[in-house]
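# Survey of secondary and tertiary structure
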Amino acid sequence: HLEDEINAVDLPEKPDVTGGVSRTGDWLLSLFDRLQVKCDTVHLLVEQLQKTVALLMEDRTSSSDNNNNRRAFSSPRLDQVVRFLKCVFRGKVEGAVRAMAKKYRVHISYRQSQNSSGHEKQKQRIGGSGGPTDKKIKGRQQLNTLNWSKGAKSTRDRVLCYWCFYPGIAMEEMKALGVRSVLLASGTLAPLDSFATELHLPFQVRLENPHVIDASKQVLVQVVSRGVTNGVLCSNFANRESEAYKFELGSTLANFARVVRGGMLVFFPSYPALDSAVASWKQSKIWGRLTCLKPAFVEPRGGSALRPIMDDFEGTIRQD
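Residues numbered from 1 in each chain as written. Predicted model: local features only at pLDDT ≥ 70, side-chain atom pairs only at ≥ 80, totals over all residues. Heavy atoms only, no water.

Per an unreviewed UniProt entry, the protein chain goes by the name Rtel1 helicase ARCH domain-containing protein and belongs to Octactis speculum.

See below:
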């Protein structure tokens, strides 16, 4: 039983832990082997599931017509299982399927769900309206299962994800559709040989231009581990919300702004980290020190708000 196999995987029992565990793609094939689902039998299972999905949809449509209810229905949850099986066994033959599995990883984790009775869980199991939301993640196939092994009062669902870690699969499938030409252009593709190998496509025409600057004279790469007051500059998750860290970072940037000619570009790991730092600096004297030395422009989250910021930035450059 697929759900029993997934529920048998040991996961952290703490209610707030959703990290889960990861396995190789071969592990998933071994799981299906124990369930007697193999390359030469999976098509029979898929056919039966597709027939069941068709019956469920027909029953829903009939019930809707009888009740004069014309609202649209989403596809049953079994349809997601069909897509999942087709993804895992897309190689058709044993050797190809196992070779494909080596390019994937399996991840199993908890996902919180609303409290529901045993009747509601049964509805979810067959794809009823009480089922979990169907998450579609680009490049990933995801199978949601419910954790019945802990009883009807359990609120913990399990999510099994099948993640592709090999971009060449998508490119090969695109090539099989008859695409004649693929044009890739970027400033960060080099080295081209390794990039082409990852995509598993031969690029017969290649162009790699030299840098517009002399890297030996115009680029300096340094790691600044401590700030102006000897405080540690470490932007990990545990430290980035520390007021002491944000003060040290802002003071160090202000000192850099005093000696760096022209402009400065400061990257943050995320928008929340950026917003938190700027808010902290504005509450202290650091923001004033920075803006006295150089005009400051903060990238907004929304695309529509970016254009006015860029206009102000370009106007400042023209004035200088």
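## A look at the pattern of salt bridges
Per the counting criterion, the structure on display carries 12 salt bridges. Where Arg301 meets Asp275, a salt bridge forms, and the shortest distance between an N and an O atom there is 3.0 Å. Residue Arg301 is located in the loop between α12 (286–293) and α13 (306–319), and its partner Asp275 is located in helix α11 (residues 271–283); the two are separated by 26 residues in the primary sequence. Measuring nitrogen to oxygen at the nearest pair gives 3.1 Å for the salt bridge that ties Asp311 to Arg307. (Salt bridge = Lys/Arg side-chain N within 4 Å of Asp/Glu carboxyl O. Helix = DSSP H or I, 4+ residues; strand = E, 2+ residues; numbered from the N terminus.)

## Regarding the nonpolar core
The biggest cluster of nonpolar side chains holds 32 residues, and the ones touching the most others in it are Leu28, Phe32, Leu85, Val88, Phe89, Ile108 and Tyr162. If you list the elements that add at least two residues to this core, you get α2 (25–34), α3 (42–66), α4 (77–88), α5 (94–101), β2 (104–112) and β4 (156–164). In contact with Ile108, not counting residues within four places along its chain, are Ile6, Val9, Leu11, Gly20, Val21, Trp27, Val159 and Leu160. (Core = buried A, V, L, I, M, F, W, Y, C linked by side-chain atoms within 4.5 Å. Buried < 20%, exposed > 50% of the residue type's maximum accessible area, 1.4 Å probe, protein only. Contact = heavy atoms within 4.5 Å.)

## What to know about the packing of aromatic side chains
Across all of its chains, the model carries 6 aromatic pairs by this definition. Relative to Phe84, the ring of Phe32 has its centre 6.4 Å away and its plane inclined at 50 degrees; by these criteria the two rings are tilted. Here Phe84 lies in helix α4 and Phe32 lies in helix α2, a separation of 52 residues in the sequence. In this structure, Phe32 and Phe84 share a single accessibility class: buried. When the centroid spacing of 6.2 Å and the interplanar angle of 55 degrees are considered together, the rings of Phe268 and Trp281 count as tilted. (Phe/Tyr/Trp six-rings, centres within 6.5 Å; stacked < 30°, edge-to-face > 60°.)

## Re the side chain of Glu248
Position of Glu248 relative to the elements: it lies in helix α10 (residues 243–259). With no salt bridge to any partner, buried Glu248 finds its closest opposite charge in Arg226, at an N-O distance of 7.7 Å. Residues in contact with Glu248, not counting those within four places in the same chain, are Gly227, Val228, Thr229, Asn230, Gly231 and Leu233. (Lys, Arg positive; Asp, Glu negative; His and termini not counted.)

## Quick notes on empty space enclosed by the protein
If a probe the size of a water molecule is rolled over the atoms, the empty space left behind becomes visible. Counted under the stated rule, the structure contains 1 cavity of 30 Å³ or more. By volume, the largest cavity amounts to about 40 Å³. Around the largest cavity sit Leu29, Phe32, Asp33, Val37, Lys38, Cys39, Phe89, Glu94 and Arg98, which together line it. Elements represented by at least two residues in the lining of the largest cavity include exactly α2 and α5. The element best represented in the lining of the largest cavity is α2, accounting for 3 residues. Partitioning the lining of the largest cavity into residue classes produces 5 nonpolar, no polar and 4 charged. (1 Å grid on protein atoms, 1.4 Å probe; cavity = no way out; pocket = protein on both sides within 12 Å on 5 of 7 lines; lining within 4 Å. Points joined across faces, edges and corners; volume = space filled by probe spheres on them. Nonpolar A, V, L, I, M, F, W, Y, C, P; charged D, E, K, R; others polar.)

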